[in-house]
Amino acid sequence: MSQNKLPRAVAISATGLWTPPETISNTELVEAYNTYAEAYNHTHSAQIQAGALAAKPPSSAEFIEKASGIKSRYVVTREGILDPTRMRPHLPERRDDELCMQAEMGLKAARLALEKAAKTPRDIDMVIVGASYLQRAYPAIAIEIQAALGIDGFAFDMEVACSSATFSLQRAVDAISSGAARTALVINPELASPQVDYTDRDSHFIFGDVAVASVVERCDDCHTDTAWKVLGTKAKTVFSNNIRSNFGYTARAADVDPFGPGKLFHQNGRKVFKEVCPIAAAHIESHVRELGVEPAEVQRYWLHQANINMNNLIAKKLMGSGASIERAPIVLDRYANTGCAGSVIAFNLYSDDLPPGARGVLCSFGAGYSVGSLVLEKIAL
């Protein structure tokens, strides 16, 4: 679906980025994993020798960086993740009358975005939370944040894996353009660490925690020097089993371990790389051309931050010899894959330096497969 002419001019007036205070380096993660793997292989040596179980292969910091470009990641807590006898974060359960962890993260990013946009909660009438994982089914995290901020309006959650940020931004643009809302707060609190299988060599290093938020409003109401007009939006989905997370409440009815094999994040990395790169590049290329712009003329691409090799390939396809780290900035080296938030992190950190009239593309892609993009133009005040 493409929306090239919006009935009412809409802008992303500001973004907020909340970064957790704790980090874990590749070296630390590998040390914990390898200690766990050695103990696992020793405990199950008989089954491994009989061919009933596969041995846990060793990992290395060099392998991780070469495969992904990731050097470290932020997490809401280090506790438990680096314990070879636990291999998961320790996050004590909160009471129902306490703010949940994901809402707390989202609030921090939301307040930063509101301050930058010179808005108060009274100015907001729509809240959307989009994330790759949601802490619970209901009540919606978005409604919890709405209540905490004292916003009068409506709110809802949505989940489209790593495209949740761009898809939720598009829903806000649609609502404001149609007149259903005047100013929206889009929040992407990615609490990914509890869903990581830290005992799996091929995925234990991928994700980090973070929260981002965006204020979306009518251009007529926008009064910041950080605003970008939305020229058009485009979304596409194609079903694929190559990226999955099967964790869900029906495990109880199936009499299986809800955290057992295949229930957490897993993927066929080679197929994902081979299939998603051309899908994302073709999607972006067609989108910008529908708006009368050539891909090579776009000043900046804020791409999904999952794998540096994917980003480099897509950037080269779009910009040819003009591709560079300045035009397609990378943040995954220090943030890792932050689910849907990666492209918004890149936008937050690498957009203020561009002059009025500059054009950029905010794009995310992931499980589904799903691809979402917004073509933006910096507003001159």
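Residues numbered from 1 in each chain as written. Predicted model: local features only at pLDDT ≥ 70, side-chain atom pairs only at ≥ 80, totals over all residues. Heavy atoms only, no water.

J.: Give me the overall build of the protein chain: which residues, what numbers.
T.: A tally of regular secondary structure across the protein chain gives 11 helices and 14 strands. Whereas a compact globule of 381 residues would reach a radius of gyration of roughly 21 Å, the protein chain reaches 21 Å, a difference of no more than 12%. A principal-axis box enclosing the C-alpha atoms of the protein chain has dimensions of 70 × 55 × 35 Å. For the protein chain, the proportion of its 381 residues judged to be buried stands at 55%. Accessible surface, the protein chain as shown: approximately 16,700 Å² in total, 52% of it carbon and sulfur. Averaging the locations of the 38 positively and 42 negatively charged side chains of the protein chain gives two centres separated by 6 Å. (Helix = DSSP H or I, 4+ residues; strand = E, 2+ residues; numbered from the N terminus. Rg over C-alpha atoms; globule rule 2.2 N^0.38 Å. Buried < 20%, exposed > 50% of the residue type's maximum accessible area, 1.4 Å probe, protein only. Areas by Shrake-Rupley, 256 points an atom, 1.4 Å probe, with all protein chains shown as cover. Lys, Arg positive; Asp, Glu negative; His and termini not counted. Charge placed at Lys NZ, Arg CZ, Asp CG, Glu CD.)

J.: Account for helix H4 (residues 101–117), naming residues and giving values.
T.: Across its 17 residues, H4 extends 25 Å between first and last C-alpha, which sits within 8% of the 24 Å expected from 1.5 Å per residue. Of the positions making up H4, those classed as buried are Met101, Gln102, Ala103, Met105, Gly106, Leu107, Ala109, Ala110, Ala113, Leu114 and Ala117. Lining the buried residues of H4 we find strand S2 (10–18), helix H5 (141–149), strand S7 (183–190) and strand S8 (210–218). Within two residues after H4, alanine 118 carries a phi angle of roughly 60°, on the positive side. (Expected span 1.5 Å × (residues − 1). Contact = heavy atoms within 4.5 Å.)

J.: Outline empty space enclosed by the protein, listing residues and values.
T.: Applying the stated criterion to the full structure yields 2 cavities of 30 Å³ or more. The calculated volume of the largest cavity comes to roughly 40 Å³. Together, Ile12, Ala14, Thr15, Lys116, Thr226, Phe347, Asn348, Ser351 and Asp352 line the largest cavity. Where the lining of the largest cavity is concerned, the elements lending two or more residues are S2 and helix H11 (342–349). No other element matches the 3 residues that S2 contributes to the lining of the largest cavity. By residue class, the composition of the lining of the largest cavity is 3 nonpolar, 4 polar and 2 charged. (1 Å grid on protein atoms, 1.4 Å probe; cavity = no way out; pocket = protein on both sides within 12 Å on 5 of 7 lines; lining within 4 Å. Points joined across faces, edges and corners; volume = space filled by probe spheres on them. Nonpolar A, V, L, I, M, F, W, Y, C, P; charged D, E, K, R; others polar.)

J.: Any chance you could break down the packing of H4 against H5 for me, citing the residues and the numbers?
T.: Packing of H4 against H5 brings their axes to within 10 Å, and their N-to-C directions diverge by 55°. Comparing their axes, H5 and H4 come out oblique. Handedness of the crossing formed by H4 with H5: right-handed. From H4, Gln102, Ala103, Gly106, Leu107, Ala110, Arg111 and Leu114 reach across to H5, where they touch Ile141, Glu144, Ile145, Ala148 and Leu149. Considering only residue class, the contact of H4 with H5 consists of 8 nonpolar, 2 polar and 2 charged. (Axes fitted to C-alpha atoms, helices over the stretch in contact; angles between N-to-C directions. Parallel < 35°, antiparallel > 145°, perpendicular 65-115°, else oblique. Left-handed = near helix turned anticlockwise from the far one by under 90°.)

J.: Mind laying out the state of the cysteines, listing which residues take part and the relevant values?
T.: Per the counting criterion, the structure on display carries 0 disulfides. Of the cysteine sulfurs around cysteine 100, a residue in no disulfide, the closest is that of cysteine 340, at 15 Å. Between cysteine 222, a cysteine without a disulfide, and cysteine 219, which holds the nearest cysteine sulfur, the sulfur-to-sulfur distance is 6.6 Å. (Disulfide = S-S within 2.5 Å.)

J.: Can you break down the layout of surface pockets residue by residue, with the values?
T.: Considered as a void within the structure, the second largest pocket measures approximately 290 Å³ in volume. In terms of lining residues, the second largest pocket is bounded by Glu93, Arg94, Arg95, Asp96, Glu98, Leu99, Cys100, Gln135, Arg136, Pro139 and Glu144. Across the lining of the second largest pocket, the residue classes break down as 3 nonpolar, 1 polar and 7 charged.

J.: An account of unusual backbone geometry is needed here, citing residue identities and associated values.
T.: In this chain, tyrosine 138 is followed by proline 139 through a cis amide linkage whose omega measures 0°. Within the secondary structure layout, proline 139 lies in the loop between strand S5 (126–130) and H5. Here the bond from glycine 368 into tyrosine 369 is cis, since omega is -5°, no more than 30 degrees from zero. Locating tyrosine 369 in the fold gives a position in the loop between strand S13 (359–366) and strand S14 (370–378). Phi at alanine 118 takes a positive value of approximately 60°, unusual for a residue other than glycine. Even without being a glycine, alanine 161 presents a positive backbone phi close to 50°. Along the chain, alanine 161 turns up in the loop between strand S6 (154–158) and helix H6 (164–178). Assessed through its relative accessible area of 15%, alanine 161 is described here as buried.

J.: Describe the environment of glutamate 62, naming the residues involved and giving the relevant values.
T.: Along the polypeptide, glutamate 62 turns up in helix H3 (residues 61–68). Relative accessible area serves as the criterion here: at 59%, glutamate 62 is assigned to the exposed category. Through-space distance from the C-alpha of glutamate 62 to that of asparagine 26 is 8.5 Å; in sequence the pair is 36 residues apart.

J.: Just give me the short version of the pattern of salt bridges, but keep the residues and values in it.
T.: All told, the structure shown has 18 salt bridges when counted by the stated rule. In this structure, glutamate 104 and lysine 108 form a salt bridge, with 3.7 Å as the shortest nitrogen-oxygen distance. You can see glutamate 104 and its partner lysine 108 sitting in helix H4, 4 residues apart, about one turn around the helix. Between glutamate 217 and lysine 119 there is a salt bridge, and its shortest N-O distance comes to 2.8 Å. With glutamate 217 in strand S8 and lysine 119 in the loop between H4 and S5, the pair connects residues that are 98 residues apart, well separated along the chain. In this structure glutamate 217 comes out as buried when scored by relative accessible area, which is 0%. (Salt bridge = Lys/Arg side-chain N within 4 Å of Asp/Glu carboxyl O.)

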